[in-house]
Amino acid sequence: MIHSGAEPARFLDAARLADAIVEKVGKTIVLALPLGLGKANHIANALYAKAVADPSINLTIFTALTLEAPRAKSELERRFLGPIAQRLFAGYPPLAYAAAIHNNLVPPNITINEFFFEAGQWLGSPYAQQHYISANYTHALRYVLDRGVNVVAQLVAHRADEAPQAYSLSCNPDLTLDLLAARRDGSVDFLFAAQTNSELPFMPGDAAIGENEFDLILDGADFALFAAPLEPVALGDYAVGLRAASIVPDGGTLQIGIGSLGDAVAQALVLRQRDNDAFRTLLSRLGHDPDRDATVHAEKFDAGLYGCSELFVEGMLDLFRAGILKREVEGIVLHAGFFLGSRSFYRSLREMPRDVVKKFGMTAIGYVNELYHDENNKRRARKNARFLNDAMMATVLGDVISDGLDDGRIVSGVGGQYNFIAQSFALADARSAIVLRATRNARRRDCSNILWRYGHTTIPRHLRDMMITEYGIADIRGRSDRDVIAAMLAITDSRFQGELLRQAKDAGKIEREFELPKSARDNTPVAIAQALKPAADAGLLPAFPFGTDFTAIEQRLIPALQVLKSASRLQLAALLVRGLGAGAADADCLDRLGLARPKSVTEWFYAALVRGALQAAS
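Below, the structure is looked at part by part. (Residues numbered from 1 in each chain as written. Predicted model: local features only at pLDDT ≥ 70, side-chain atom pairs only at ≥ 80, totals over all residues. Heavy atoms only, no water.)

1. Focus on the overall build of the protein
Here is step 1: Across its full length, the protein holds 23 helices and 24 strands.
Here is step 2: For the protein, whose C-alpha radius of gyration is 25 Å, the value lies close to the compact-globule estimate of 25 Å for 618 residues.
Here is step 3: Once the C-alpha set of the protein is aligned to its principal axes, its extents read approximately 75 × 65 × 50 Å.
Here is step 4: Within the protein, buried positions represent 58% of all 618 residues.
Here is step 5: Long-range contacts, defined here as pairs at least 24 residues apart, represent 77% of the contacts in the protein between residues at least 6 apart. (Helix = DSSP H or I, 4+ residues; strand = E, 2+ residues; numbered from the N terminus. Rg over C-alpha atoms; globule rule 2.2 N^0.38 Å. Buried < 20%, exposed > 50% of the residue type's maximum accessible area, 1.4 Å probe, protein only. Contact = heavy atoms within 4.5 Å.)

2. Topic: the side chain of Gln 255
Here is step 1: In this fold, Gln 255 is placed in strand 10 (residues 253-255).
Here is step 2: With relative accessibility at 2%, the residue Gln 255 sits in the buried group.
Here is step 3: Separated by 3.0 Å, the side chains of Gln 255 and Asn 389 make a polar contact. (Polar contact = N/O pair within 3.5 Å; in protein donor to acceptor, adjacent residues only side chain to side chain.)

3. Quick notes on the layout of surface pockets
Here is step 1: By volume, the second largest pocket amounts to about 730 Å³.
Here is step 2: Surrounding the second largest pocket, 33 residues form its lining, Arg 243, Gly 287, His 288, Gly 472 and Ile 473 being those nearest its centre.
Here is step 3: Of all the elements in the fold, those that place two or more residues in the lining of the second largest pocket are strand 24 (472-475) and helix 19 (525-537).
Here is step 4: Of the residues that constitute the lining of the second largest pocket, the class distribution is 14 nonpolar, 9 polar and 10 charged. (1 Å grid on protein atoms, 1.4 Å probe; cavity = no way out; pocket = protein on both sides within 12 Å on 5 of 7 lines; lining within 4 Å. Points joined across faces, edges and corners; volume = space filled by probe spheres on them. Nonpolar A, V, L, I, M, F, W, Y, C, P; charged D, E, K, R; others polar.)

4. A closer look at empty space enclosed by the protein
Here is step 1: Going through the model one piece at a time under the given rule, you end up with 3 cavities of 30 Å³ or more.
Here is step 2: The volume enclosed by the largest cavity comes to roughly 100 Å³.
Here is step 3: Split into classes, the residues belonging to the lining of the largest cavity amount to 10 nonpolar, 1 polar and 1 charged.
Here is step 4: As for the second largest cavity, its lining consists of Ile 101, Ile 112, Asn 113, Glu 114, Phe 117, Trp 122, Tyr 127, Ala 128, His 131 and Tyr 132.
Here is step 5: Taken together, the elements giving at least two residues each to the lining of the second largest cavity come down to strand 4 (110-114) and helix 5 (126-131).
Here is step 6: Class assignment for the residues of the lining of the second largest cavity results in 7 nonpolar, 2 polar and 1 charged.

5. Let's talk about the state of the cysteines
Here is step 1: Tallied over the full model, the rule gives 0 disulfides.
Here is step 2: For Cys 171, which is in no disulfide, the shortest distance to another cysteine sulfur is to Cys 308 and amounts to 19 Å.
Here is step 3: By relative accessible area, Cys 171 is classed as buried at 0%. (Disulfide = S-S within 2.5 Å.)

6. Some thoughts on the pattern of salt bridges
Here is step 1: Enumeration over the complete set of coordinates arrives at 41 salt bridges.
Here is step 2: Across the pair Glu 213 and Arg 183 runs a salt bridge whose closest N-O atoms are separated by 3.8 Å. Residue Glu 213 is located in the loop between strand 8 (208-209) and strand 9 (216-218), and its partner Arg 183 is located in helix 7 (residues 176-184); the two are separated by 30 residues in the primary sequence.
Here is step 3: One salt bridge connects Arg 321 with Asp 318, and the closest N-O pair in it is separated by 3.8 Å. With a gap of 3 residues between them, Arg 321 and Asp 318 both fall in helix 11 (residues 314-321), about one helical turn apart.
Here is step 4: Given a relative accessible area of 48%, Arg 321 falls into the partly exposed group. (Salt bridge = Lys/Arg side-chain N within 4 Å of Asp/Glu carboxyl O.)

7. Concerning the nonpolar core
Here is step 1: Ranked by size, the top nonpolar core spans 181 residues in total, and within it Ile 21, Ile 29, Phe 312, Phe 339 and Leu 532 carry the most contacts.
Here is step 2: Broken down by element, the residue count for this core peaks at 8 residues, all from helix 9 (residues 260-274).
Here is step 3: Beyond its immediate sequence surroundings of up to four residues, Phe 312 is in contact with Leu 317, Leu 334, Ala 336, Phe 338, Phe 339, Leu 340, Phe 345, Leu 349, Phe 360 and Met 362.
Here is step 4: Residues Ala 391, Leu 397, Leu 489 and Leu 500 belong to the second largest nonpolar core, which totals 29 residues. (Core = buried A, V, L, I, M, F, W, Y, C linked by side-chain atoms within 4.5 Å.)

8. Thoughts on unusual backbone geometry
Here is step 1: Cis geometry marks the peptide bond from Ala 163 to Pro 164; its omega dihedral reads 10 degrees.
Here is step 2: With respect to the element layout, Pro 164 can be found in the loop between strand 5 (151-158) and strand 6 (167-168).
Here is step 3: Even without being a glycine, His 373 presents a positive backbone phi close to 70 degrees.
Here is step 4: Along the chain, His 373 turns up in the loop between helix 14 (365-369) and helix 15 (375-381).

9. Details of helix 23 (residues 601-617)
Here is step 1: Taking 1.5 Å of rise per residue, 17 residues should cover 24 Å, and helix 23 covers 24 Å from first to last C-alpha, within 8% of that figure.
Here is step 2: By the burial criterion, the buried members of helix 23 are Glu 603, Ala 607, Ala 608, Leu 609, Val 610, Arg 611, Gly 612, Ala 613 and Leu 614.
Here is step 3: Elements that come into contact with the buried residues of helix 23 comprise helix 3 (75-89), helix 20 (552-566), helix 21 (569-580) and helix 22 (587-592). (Expected span 1.5 Å × (residues − 1).)

10. Re the environment of Gly 205
Here is step 1: Looking at where Gly 205 falls in the secondary structure, it is placed in the loop between strand 7 (191-196) and strand 8.
Here is step 2: Given a relative accessible area of 53%, Gly 205 falls into the exposed group.
Here is step 3: Sequence separation of Gly 205 and Ala 69 is 136 residues, and the distance between their C-alpha atoms is 32 Å.

11. What about the packing of helix 21 against helix 23?
Here is step 1: Packing of helix 21 against helix 23 brings their axes to within 7 Å, and their N-to-C directions diverge by 95 degrees. The angle between helix 21 and helix 23 falls in the class roughly perpendicular. On the side of helix 21, the interface is formed by Leu 572, Leu 575, Leu 576, Arg 578, Gly 579 and Leu 580, while helix 23 contributes Trp 604, Phe 605, Ala 608, Leu 609, Arg 611, Gly 612, Ala 613, Gln 615 and Ala 616.
Here is step 2: Residue classes in the contact of helix 21 with helix 23 are distributed as 10 nonpolar, 3 polar and 2 charged. (Axes fitted to C-alpha atoms, helices over the stretch in contact; angles between N-to-C directions. Parallel < 35°, antiparallel > 145°, perpendicular 65-115°, else oblique.)

12. Description of the sheet that holds strand 23 (residues 466-469)
Here is step 1: Strand order in the open sheet formed by 8 strands is 15-13-11-10-16-19-23-24, and the pairing between neighbours is mixed. Both outer strands of the open sheet, strand 15 (360-362) and strand 24, are each paired with one neighbouring strand and no more. Between one strand and the next, the sheet's axes are offset by a mean angle of 20 degrees, whatever the strand orientation.
Here is step 2: Bridging between strand 13 (residues 334-336) and strand 15 involves 3 bridges; their strand directions are parallel. Across the sheet, Ala 336 pairs through a bridge with Met 362, a residue of strand 15.
Here is step 3: Against the sheet, helix 16 (residues 417-426) makes contact with strand 10, strand 11 (306-308), strand 16 (385-390) and strand 19 (431-435), and its axis sits at roughly 150 degrees relative to strand 16, the strand it touches most. (Pairing = 2+ DSSP bridges.)

13. Brief notes about helix 18 (residues 494-506)
Here is step 1: Taking 1.5 Å of rise per residue, 13 residues should cover 18 Å, and helix 18 covers 19 Å from first to last C-alpha, within 8% of that figure.
Here is step 2: When helix 18 is considered as a whole, its buried residues turn out to be Phe 496, Gln 497, Leu 500, Leu 501, Ala 504 and Lys 505.
Here is step 3: Positive phi shows up at Gly 508, right after helix 18, with a value of about 75 degrees.

14. Points about the side chain of Arg 243
Here is step 1: When you line up the elements, Arg 243 lands in helix 8 (residues 235-245).
Here is step 2: Although Arg 243 lies buried, it forms no salt bridge, and the closest oppositely charged side chain, Glu 470, sits 7.5 Å away as judged by the N-O distance.
Here is step 3: Setting aside anything within four residues of it in sequence, one finds Arg 243 in contact with Leu 286, His 288, Ile 468, Thr 469, Glu 470, Tyr 471, Gly 472 and Ile 473. (Lys, Arg positive; Asp, Glu negative; His and termini not counted.)

This is how it looks when you write it as structure tokens:
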């Protein structure tokens, strides 16, 4: 028996703790590390180092969402990200296995499997792609058990005054709670190794556990939590967010995802509550009629929302502060399985009064993402649910592409997206909506994210429900293929509607005489800017609605660097000429990039381009 139930052994040195693990379980180690923030980095690195040094140790690591500081892909990105990485990630210990994957140096006695990637992180890694496991979030537990997990290593919070449950799984009760339950009922046996961290918020409720659950505890190895800065929210994202906010009824249930689209939804909901007239005006400018269309929800929140979201995103905290996230289910306003955010987000949770923080119920992912187990109560709680998930692409027939490319490579993973879409069909008054940008810039040209067909599917079209882009809402649940195509074309960027319509007609899926309505023929970024820029200039749609770790100069540089990244060769030439005519303007921005006093022709060239891009982005 691996787990003795005795008082845990305590260590101040991760290498000694790793020695104890090998002594207890032997040289075949199946290590489960939580998704995202909750990894015990020092323990993981110590076990990895032992396996590298001793080929007779067979180490399997099963995890997801390995967090790393951003990696620059160009010289300008390197100059921009370098100081930010030093400022924000200097205290975060890199995971040794991730460096080995990047450098193609994973020894044959070590296997690293992930079921969810940080977006785009491993596109260029054959090792990561070959060892990826495609799994719904709620199925990952059974795959951990199937592999014979014998060690779990997790970052935990500790507060002596919370005894007897003085430890908290905090950011990651998601799979660990069910693993511990399985160990208690005798269906699995493993060592539970904890690493305490003073920056990790103590989350009460289900996430709080007693010392007796642990076998080994590493103390005194604090490190700065991984805290990536929030992304800026563009006007196109706000157009998506405003539309998505209009489908959320008061008194309902909400799930949103991470990233700028999720932030846009949250800020739009805050605007709906705090400045309802402005919210209604912006909906009207986007073509909705809050006063006459019964499908548009523009009222202020009286009963409020209950949150049921696998990820506790930072925007949920702002919804709580705005008096929107307030509908309680057994004293809880939000149930979630894991969290990840900024430094200010972690600080807010750490400093939150106990009677407030207990309203945020960190719990098992099976509870959040599924209906079975206590199903009747969940159905009553999750009324009028709106599950909002991101996607990379969609087809005009309603297939959703969220996790991979048509050549088989995985960008991220399925996660819990399928779970929430399935719930939307299982609950009588629920809806799911896929939020996505209508276009993306790839290889310096704009491409449509709405396609005729694609060689990879995450969510098949028989589960199509609602799709939301910056250009509109396509309500396609239960509709015929012909009507779905018409609705999807109406939310497609106008530059790509004609070719998609031709393909639909050639396939016989829509009548030859079909024409797009006039209201859908001006789906352009310019039209979005005209509708929303006045509100952005007035401060209603800020680029960083929930704060930022970027300096004022960095905030000015971000849109300029985005302009350069997406510009064609002809556009780059125009920006260069514009920058040459700008003289000594924007010296502070150039100084931030180390280009204020160019030392070479290359630096002179970069300086001129940045000046031109700053002018274009202003």
